[in-house]
Amino acid sequence: ALHDYSIAIELDNNIAEFYYCRAITYYFLNHFDDAINDCKKALDLDAKTAKYYNLLGNAQLALNQYHQAEKNFISAKQIDPADATYSKNLAILY
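Description of the structure in this document. Owing to the predicted nature of the structure, the values given are computational and were not obtained by experimental measurement. (Residues numbered from 1 in each chain as written. Predicted model: local features only at pLDDT ≥ 70, side-chain atom pairs only at ≥ 80, totals over all residues. Heavy atoms only, no water.)

### Comments concerning the packing of helix H3 (residues 32-45) against helix H4 (residues 50-62)
Viewed as axis vectors pointing N to C, H3 and H4 meet at an angle of 155 degrees, and their least axial separation amounts to 9 Å. With respect to H4, the element H3 is oriented roughly antiparallel. Along this stretch, H3 crosses H4, giving a crossing that reads as left-handed. Of H4, the residues touching H3 (which contributes Phe-32, Ala-35, Ile-36, Cys-39, Lys-40, Ala-42 and Leu-43) are Tyr-52, Tyr-53, Leu-55, Leu-56, Ala-59, Gln-60 and Ala-62. Across the contact of H3 with H4, the residue classes tally to 12 nonpolar, 1 polar and 1 charged. (Axes fitted to C-alpha atoms, helices over the stretch in contact; angles between N-to-C directions. Helix = DSSP H or I, 4+ residues; strand = E, 2+ residues; numbered from the N terminus. Parallel < 35°, antiparallel > 145°, perpendicular 65-115°, else oblique. Left-handed = near helix turned anticlockwise from the far one by under 90°. Contact = heavy atoms within 4.5 Å. Nonpolar A, V, L, I, M, F, W, Y, C, P; charged D, E, K, R; others polar.)

Shown next as structure tokens:
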């Protein structure tokens, strides 16, 4: 999957979802820095998608970057307040 998403990004590096999908792959491989970088690229392209902030927050949480994770979980919750996932992630921090 990682290779396929990298090829997709090479073909069109203006699609945020490609970076997000590769970030998920990095996250599950425990490559949290790479996941963070791809989430940030996705957000540069589309800053209005809550799941990008949420994954960024989870990767930061895995690296004990609590303050940054909190800010991203809050951003996710502001964009999509109906999704309880973001509140649950914030509760982990408190």
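### Quick look at helix H6 (residues 84-93)
When H6 is considered as a whole, its buried residues turn out to be Tyr-86, Asn-89 and Leu-90. On an axial view of H6, the arc spanned by its buried residues comes to 100 degrees, and they lie on one face. Opposite the buried face of H6, by more than 90 degrees, sit the exposed residues Lys-88 and Ile-92. On its buried side, H6 packs onto H4 and helix H5 (66-79). (Buried < 20%, exposed > 50% of the residue type's maximum accessible area, 1.4 Å probe, protein only. Arc of directions from axis to C-beta.)

### A look at the pattern of salt bridges
Scanning the entire structure with this criterion turns up 2 salt bridges. Residue Lys-51 pairs with Glu-17 through a salt bridge whose shortest N-O separation is 3.0 Å. With Lys-51 in helix H4 and Glu-17 in helix H2 (residues 16-28), the pair connects residues that are 34 residues apart, well separated along the chain. Its salt-bridge partner being Arg-22, residue Asp-38 comes within 2.5 Å of it at the nearest N-O pair. With Asp-38 in helix H3 and Arg-22 in helix H2, the pair connects residues that are 16 residues apart, well separated along the chain. Note on Asp-38: relative accessible area 2%, which makes it buried. Look at Arg-22 and you get buried, because its relative accessible area is 11%. (Salt bridge = Lys/Arg side-chain N within 4 Å of Asp/Glu carboxyl O.)

### With respect to the environment of Asn-54
With respect to the helices and strands, Asn-54 occurs in helix H4. Distance in space between the C-alpha atoms of Asn-54 and Phe-73 is 5.5 Å, their sequence separation being 19 residues.

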